[in-house]
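# Overview (structure and organization)
Listed below are the residues making up each chain.
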Amino acid sequence: NPSNRAPLKPAIFNIKEIYKKDFSPFLLMDNQEIGNYQEIREEFENGIKGLLEEIFDIRQPFGQTDDLEKCTYCAYKDICGR
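Here the structure is a predicted model, which is why all the values come from computation and not from measurement.

The next thing to look at is the overall build of the protein chain. Assigned secondary structure in the protein chain consists of 2 helices and 2 strands. Taken from N to C terminus, the helices and strands of the protein chain fall in the order β-β-α-α. Relative to its length of 82 residues, the protein chain is extended, with a C-alpha radius of gyration of 17 Å against a globular reference of 12 Å. With the C-alpha coordinates of the protein chain rotated into their principal frame, the extents come out at 50 × 40 × 25 Å.

This is how it looks when you write it as C-alpha cells:
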C-alpha cells in the first residue's frame, strides 16, 4: 500500500537453521541488521535486476564453480557429477 510508510524489516526463515539457539531471520548488510527496507530499496532492486540480466544473458554460459568446497553442500552435486 503506497500510503503505508511504516518500516519494513526484511527476513528469511531458513528452515535448516530455525531451531538453532542463535538463529535470527533478519537480513544483514555490512554486518548490520536491515531495519527498514526503504533505506536499501534502490540498491537492492538494482542488484537483483543486474543479477537477473546476467542469468538470462544468452551470451554468458553457465559453468561449474572453481571453488570445489561449495560442492560439498550443494543440493545439485549429484546432477552435475561433482
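The next point concerns the packing of aromatic side chains. Under the defined criterion, the tally for this structure stands at 2 aromatic pairs. Between Phe13 and Phe23, the aromatic rings sit 6.2 Å apart at their centres with planes inclined by 45°, giving tilted as the arrangement. A residue pair is termed long-range when its members are at least 10 positions apart, and Phe13 in the segment before strand E1 (28–29) and Phe23 in the segment before E1 qualify at 10 residues. Owing to a relative accessible area of 54%, Phe13 belongs among the exposed residues under this scheme. With 6.0 Å between their ring centres and 75° between their planes, Tyr37 and Phe44 make a pair best called edge-to-face. The aromatic ring of Phe26 is capped on one face by Lys9, whose charged end is 4.1 Å from the ring centroid.

Moving on, we get to the pattern of salt bridges. Counted according to the given criterion, the structure contains 3 salt bridges. With a closest N to O distance of 2.7 Å, Lys9 and Glu33 form a salt bridge. Of this pair, Lys9 sits in the segment before E1 while Glu33 sits in strand E2 (residues 32–33), and the two are 24 residues apart along the sequence. The partly exposed category is assigned to Lys9, whose relative accessible area is 36%. Among the salt bridges present, the one from Arg59 reaches Asp57, with a minimum N-O distance of 3.0 Å.

At Asp30, a position not held by glycine, the phi torsion is positive, near 55°. Structurally, the position occupied by Asp30 is in the loop between E1 and E2. On the basis of relative accessibility, which here comes to 72%, the residue Asp30 falls in the exposed class. Located in the positive-phi region is Asn31, a residue other than glycine, with phi close to 60°. Tracing the chain through its elements places Asn31 in the loop between E1 and E2.

Any segment with low pLDDT has predicted coordinates that should not be analysed in fine detail. The predicted model of the protein chain averages 90 in pLDDT, with 100% of residues at 70 or higher. In the model of the protein chain, helix H2 (residues 77–80) stands out as the element of lowest mean pLDDT, 84, in contrast to helix H1 (residues 41–55), which has the highest, 94.

The rules behind each value
- Residues numbered from 1 in each chain as written.
- Predicted model: local features only at pLDDT ≥ 70, side-chain atom pairs only at ≥ 80, totals over all residues.
- Heavy atoms only, no water.
- Helix = DSSP H or I, 4+ residues; strand = E, 2+ residues; numbered from the N terminus.
- Rg over C-alpha atoms; globule rule 2.2 N^0.38 Å.
- Phe/Tyr/Trp six-rings, centres within 6.5 Å; stacked < 30°, edge-to-face > 60°.
- Buried < 20%, exposed > 50% of the residue type's maximum accessible area, 1.4 Å probe, protein only.
- Lys NZ or Arg CZ within 6 Å of the ring centre and 35° of its normal.
- Salt bridge = Lys/Arg side-chain N within 4 Å of Asp/Glu carboxyl O.
- pLDDT = per-residue confidence, 0-100.

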